[in-house]
Amino acid sequence: MTSANAVAVVLWIGATMYAVFAGADFGAGLWSLLAGGNERGRRPRELIDWAIGPVWEANHVWLIFAIVVLWTGFPSAFEAVFSTLFIPLSLAALGIVLRGSGFAFHHVARRARGRSLAELIFGLSSVLTPFFMGTVVGAIAGGRVPVGNAAGDPVTSWLNPLSLVIGALFVATGTYLSAVFLVSDARRARAPDLERYFGTRALVSAIVTGALAAAGLVVLRSDARFVFDGLKGDALPLVILSIVCGSAVLVLLRRNARRGARVLAAGAVGCVIWAWGVAQHPYLLPQKLTIAAAAAPSATLTSLLVVFGVAVLVVLPSLGLLFTLVQRNLVRETSRPTEQRRDKPHADRLRR
Amino acid sequence: MLATTLQAARSQMAFTLGFHIILASLGVALPALMLIANYRGLRHQDADALKLAQRWSKAVAVTFAVGAVTGTVLSFEFGLLWPAFTGRFGEVFGVLFAIEGIFFFLEAIFIAIYIFGWKHLSPWTHFWSGVPVVITGLGGAFSVVAVNSWMNQPQGYAPTTGKVTSVEPLKVIFNPAVPYEVPHMILAAYLVTGFLVASIYAVGMLRGRRDRIHRLGLLIPLTVACIATPIQFAVGDTAARSIAKDQPIKFAAMECVQTTSTDVTEYLGGRCTSSGVKDGIGIPGLDSFLVGWSTSTQVIGLDSVPPDDRPPANTMLHWAFDAMVGICSVLILLALWLGIGWWRKKDFPQSRWFLRATAVSGVASVVALECGWIVTEVGRQPWIVYNVMRTSDAVTQAGGIWITFAAVLALYLALGTTLIITLRAMSRRWRNADEQDVDVPYGPDAGPPADLATGTSG
């Protein structure tokens, strides 16, 4: 494998991690938005909070990781994508700001009004960000991003059927992943009612996601023939594997199985992302820019691979430590549920 | 008149960076204050210090979360605002950001472990889980500032015109501006954070809250800041001399030196005009002396390059430089005041004037920080990569930057306001909390999220 291809693999690993972990976070935001009014939605929201509180910050770093690998390893591709797709990427950034701060503040906002405003912002931006990210991927897959500084169409490059379907697919994927994850979290929190609650939602969102993926294939066929042919060709095993994983999750959910659903759901999503990568190989921007042509000088690529190696050796164990501590309930914000109860008289006093 | 995309992009970048630099400084230095308090608390069984550590850790959590967001925006702006810059040089400086990525990642992980581990890890394990946060903060600061240093002193790539085809990463990472720019920024982070936190407790004490928590909360950060300040003065002085050598035009703009000559007068304040400084306080020969320890040292003037190659807003630059140096000098006096008080009475001076000075020091140090950032960024103009690439050649060809700038402005103002309101609300809550509401560090495990499990609510 050339070092350019190796760096492309690293880029795809970052994108996969971001899609799976941050995608699940985005989905949780949507579920928190859909959970309904203050009292009705309280319990699902509490679970969501409890589940993603300790890990969300680390999940989000994958985006920065992928962006940095892209501009370091393939600067001309980065230039092309970020200048032509200025509008959706600005909107995605807007969503990231709103979402991050909404989450940061709703944790500490005590008063009900500030809290629900923060939650609303958190929920809405959790939909906007993955949607616009999806339109960006649609624009790239559709071959609408030419090399150069804002050389493509600023609007039609991402405002087209393919981009819109993939945008919707991104949102749906996140809700699906997070519902599956939250089923496990509800079990960990010993809340059988929430387990059922998110179990139903996992099933529904799985079906919606599958339907959108199928719709995406139809649009790809007419609009992005190169990628479609790739999916039918070299990437076919990954497509099949994704379908198998996705179906297995449905079976597990219906059977209330205790293990495997999360891994399989993540696997289904990961397979799609890798299928996309394989399908458009050797292009980074299909039929516009190959991986080899976009690649940085070899010393840069080597350094990136070394840095990635160090990251694997250092970051993964730390990340493993964090997840282990969270899963074992050793670290988490225990104070929250109890604090809330304690809080009520205080809030009443304020209202009076 | 419609202003240009370049102006909009520069305004947006300046604003978002100027905002982020405050949060980044807090992110670098606040964990250190937190650990100092934590260490004191464990070592001397000091419950007040532990309480401070716990409170500061919550402030770290909020500021880090907001700082992570504003940092993500900056990474987007590399492409949204300066695609031609990143498209050409991303492969040169990008490795530094990849390294920064590791530090940032580890920082996020260990902050999460530290914050959420207050009640679940044994005290010393918990303390040690915070140490990586401080180390990775330093590492991240090094990586990011090294990129800025490289923009000031580009090297380690070829060819110097057109597409870069070869890179020497070590030469990029350890470029000539790193030895003075990186320590200058890290010290600034500690200085600003120290004075800022101390000023909050000083205000509390001025309002009559003279309990031990407030005294400790003032003393720990103020001591750190007062140690950093004189060192910062020396490092800054070295930096200025290096800039006179490495980036003479930036130095000339900082000091309003119009023509290359010896015996150059040092001006404090004043207006920069093409015929010299008006209305400033001039000290003959001092500028030459500061550059080369002799009044006969030659200082290069702005006239040595064509007008197109000179930085804009000369008077503002000059004032920014003077304000930074002036504020640092005054803060050294505050440090001396603290030092003398400590030497004589083993306590900080109890006078209200000392508290007032400390209360102002926080805002003053932030002003100095922003001024320093203006000096280094505006002083490098019209270049984005010094003497290699013009900022005007780096900017995006996309339209509508004024719209995003307006949106960012509104959003960040809301964000900053909410952040301050939130931090104030947190501190009020700590102050008014009855005994029950105060979290006890390392208290007993509250058990699994009880009301989730019981499913009592309707």
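1. Structural notes on the overall build of chain B
Part 1 of the reasoning: Within chain B, the secondary structure is distributed over 14 helices and eight strands.
Part 2 of the reasoning: For chain B, the C-alpha radius of gyration of 24 Å lies close to 23 Å, the compact-globule estimate for 458 residues.
Part 3 of the reasoning: In terms of principal-axis extent, the alpha carbons of chain B reach across some 75 × 55 × 45 Å.
Part 4 of the reasoning: In chain B, once contacts between residues fewer than 6 apart in sequence are set aside, the share between residues at least 24 apart is 76%.

2. Some words on the overall build of chain A
Part 1 of the reasoning: Helix and strand counts for chain A stand at 14 helices and two strands.
Part 2 of the reasoning: Burial analysis of chain A (352 residues in total) assigns 60% to the buried set.
Part 3 of the reasoning: In chain A, of all internal contacts separated by at least 6 residues, the share reaching a separation of at least 24 is 79%.

3. A word on the confidence of the model for chain A
A low pLDDT means the predicted coordinates there should not be read in detail.
Residues and elements named next belong to chain A.
Part 1 of the reasoning: With 88% of its residues at a pLDDT of 70 or more, chain A shows a mean pLDDT of 83.
Part 2 of the reasoning: Predicted confidence in chain A is weakest over helix α14 (residues 335-351), with a mean pLDDT of 34, and strongest over helix α4 (residues 75-84), with 93.
Part 3 of the reasoning: Every residue in residues 331-352 scores below 50 in pLDDT, and together they form 32 contacts with partners more than four places removed in sequence or on other chains.

4. Comments concerning the interface of chain A and chain B
Part 1 of the reasoning: Of the residues lining the interface, 69 residues belong to chain A; the matching set on chain B comes to 66 residues.
Part 2 of the reasoning: For the side of chain A that touches chain B, the elements supplying multiple residues, two or more each, are α2 (42-52), α3 (56-73), α4, α5 (86-106), α13 (298-327) and α14 of chain A.
Part 3 of the reasoning: Examining the composition of the side of chain A that touches chain B, we find that 13 residues originate from one element, α13 of chain A, more than from any other.
Part 4 of the reasoning: The residue inventory of the side of chain A that touches chain B, partitioned by class, reads 44 nonpolar, 15 polar and 10 charged.

5. Here's the deal with the environment of Val 7 of chain A
Residue and element names in this part refer to chain A.
Part 1 of the reasoning: You can see Val 7 is positioned in helix α1 (residues 3-34).
Part 2 of the reasoning: For Val 7, a count of 24 C-beta atoms within 10 Å gives the class buried.
Part 3 of the reasoning: The spatial distance from the C-alpha of Val 7 to the C-alpha of Leu 322 is 27 Å, given a sequence separation of 315 residues.
Part 4 of the reasoning: Beyond its immediate chain neighbours, meaning those up to four positions away, Val 7 contacts Val 69, Gly 73, Leu 301, Leu 304 and Leu 305.

6. Brief notes about helix α2 (residues 47-80) of chain B
Part 1 of the reasoning: For α2 of chain B, spanning 34 residues, the distance from its first C-alpha to its last is 49 Å, which sits close to the expected 50 Å at 1.5 Å a residue.
Part 2 of the reasoning: For α2 of chain B, a buried count of 30 out of 34 residues is recorded, marking the element as mostly surrounded by other parts of the structure.

7. Here's the deal with the packing of α2 of chain A against helix α7 (residues 161-188) of chain A
All names here are of chain A.
Part 1 of the reasoning: Where α2 meets α7, the closest approach of the two axes is 10 Å, and the angle between their N-to-C directions is 95°. In terms of orientation, α2 and α7 fall into the roughly perpendicular class. Every residue of α7 that contacts α2 at Leu 47, Ile 48 and Ala 51 is listed here: Leu 182, Asp 185 and Ala 186.
Part 2 of the reasoning: By residue class, the composition of the contact of α2 with α7 is five nonpolar, no polar and one charged.

8. Some thoughts on helix α3 (residues 83-116) of chain B
Residues and elements named next belong to chain B.
Part 1 of the reasoning: Between its first and last C-alpha atoms α3 spans 39 Å; for 34 residues at 1.5 Å apiece the expected length is 50 Å, and the helix comes up short by more than 12%.
Part 2 of the reasoning: Gly 90 marks the point of greatest bend in α3, at about 80°.
Part 3 of the reasoning: Of all the 34 residues making up α3, 34 are buried; the element is thus mostly covered by neighbouring parts of the structure.

9. Some remarks on the confidence of the model for chain B
All names here are of chain B.
Part 1 of the reasoning: Taken over all residues, the pLDDT of chain B has a mean of 86, while the share at 70 or more is 94%.
Part 2 of the reasoning: Considering each helix and strand of chain B separately, the mean pLDDT is smallest for helix α14 (residues 450-454), with a value of 49, and largest for helix α6 (residues 178-206), with 94.
Part 3 of the reasoning: Contacts for the low-pLDDT stretch residues 434-450, under 50 throughout, to residues beyond four places or in other chains number 27 contacts.
Part 4 of the reasoning: Within the model, the stretch residues 454-458 combines pLDDT values under 50 with six contacts to residues more than four positions away or in other chains.

10. Some thoughts on unusual backbone geometry
Part 1 of the reasoning: Put simply, His 281 of chain A and Pro 282 of chain A share a cis peptide bond, and its omega is 5°.
Part 2 of the reasoning: Along the chain, Pro 282 of chain A turns up in the loop between α11 (261-280) and β1 (283-285).
Part 3 of the reasoning: With omega at 5°, the peptide bond leading from Gln 381 of chain B into Pro 382 of chain B counts as cis.
Part 4 of the reasoning: Tracing the backbone through its elements, the reader meets Pro 382 of chain B in the loop between α11 (352-378) and β7 (383-385).
Part 5 of the reasoning: For Ala 150 of chain A, which is not glycine, the phi torsion reads 55° and is therefore positive.
Part 6 of the reasoning: For Ala 150 of chain A, the location among the structural elements is in the loop between α6 (112-141) and α7.
Part 7 of the reasoning: When the 20 C-beta atoms within 10 Å are taken as the criterion, Ala 150 of chain A is described as buried.
Part 8 of the reasoning: Of note in this structure, Gln 45 of chain B is not a glycine but carries a positive phi near 45°.
Part 9 of the reasoning: Along the chain, the position of Gln 45 of chain B falls in the loop between α1 (5-43) and α2.

11. Focus on the environment of Met 185 of chain B
Residue and element names in this part refer to chain B.
Part 1 of the reasoning: Structurally, Met 185 is set in helix α6.
Part 2 of the reasoning: Judged by C-beta crowding, with 25 C-beta atoms within 10 Å, Met 185 ranks as buried.
Part 3 of the reasoning: Taking C-alpha positions, Met 185 is 7.8 Å from Ala 141, a pair spaced 44 residues apart along the chain.
Part 4 of the reasoning: Sequence-distant contacts of Met 185, defined by excluding residues within four places in its chain, comprise Ala 141 and Val 145.

12. Comments concerning the packing of helix α10 (residues 236-254) of chain A against α11 of chain A
Residue and element names in this part refer to chain A.
Part 1 of the reasoning: Following both chains from N to C, one finds α10 and α11 inclined at 160°, their axes separated by 8 Å at the closest point. The angle between α10 and α11 places the two elements in the roughly antiparallel class. Remark: the crossing between α10 and α11 carries left-handed chirality. Contacts from Leu 238, Val 239, Leu 241, Ser 242, Cys 245, Gly 246, Ala 248, Val 249, Leu 252 and Leu 253 of α10 reach α11 at Ala 261, Leu 264, Ala 265, Gly 267, Ala 268, Cys 271, Val 272, Trp 274, Ala 275 and Val 278.
Part 2 of the reasoning: For the contact of α10 with α11, the per-class residue count stands at 17 nonpolar, three polar and no charged.

Analysis parameters
Residues numbered from 1 in each chain as written. Chains lettered and ligands numbered in written order. Predicted model: local features only at pLDDT ≥ 70, side-chain atom pairs only at ≥ 80, totals over all residues. Helix = DSSP H or I, 4+ residues; strand = E, 2+ residues; numbered from the N terminus. Rg over C-alpha atoms; globule rule 2.2 N^0.38 Å. Contact = placed C-beta atoms within 7 Å. Buried ≥ 20, exposed ≤ 12 C-beta atoms within 10 Å, placed from the backbone. pLDDT = per-residue confidence, 0-100. Nonpolar A, V, L, I, M, F, W, Y, C, P; charged D, E, K, R; others polar. Expected span 1.5 Å × (residues − 1). Axes fitted to C-alpha atoms, helices over the stretch in contact; angles between N-to-C directions. Parallel < 35°, antiparallel > 145°, perpendicular 65-115°, else oblique. Bend = angle between axes of the 7 residues up to and from the residue. Left-handed = near helix turned anticlockwise from the far one by under 90°.

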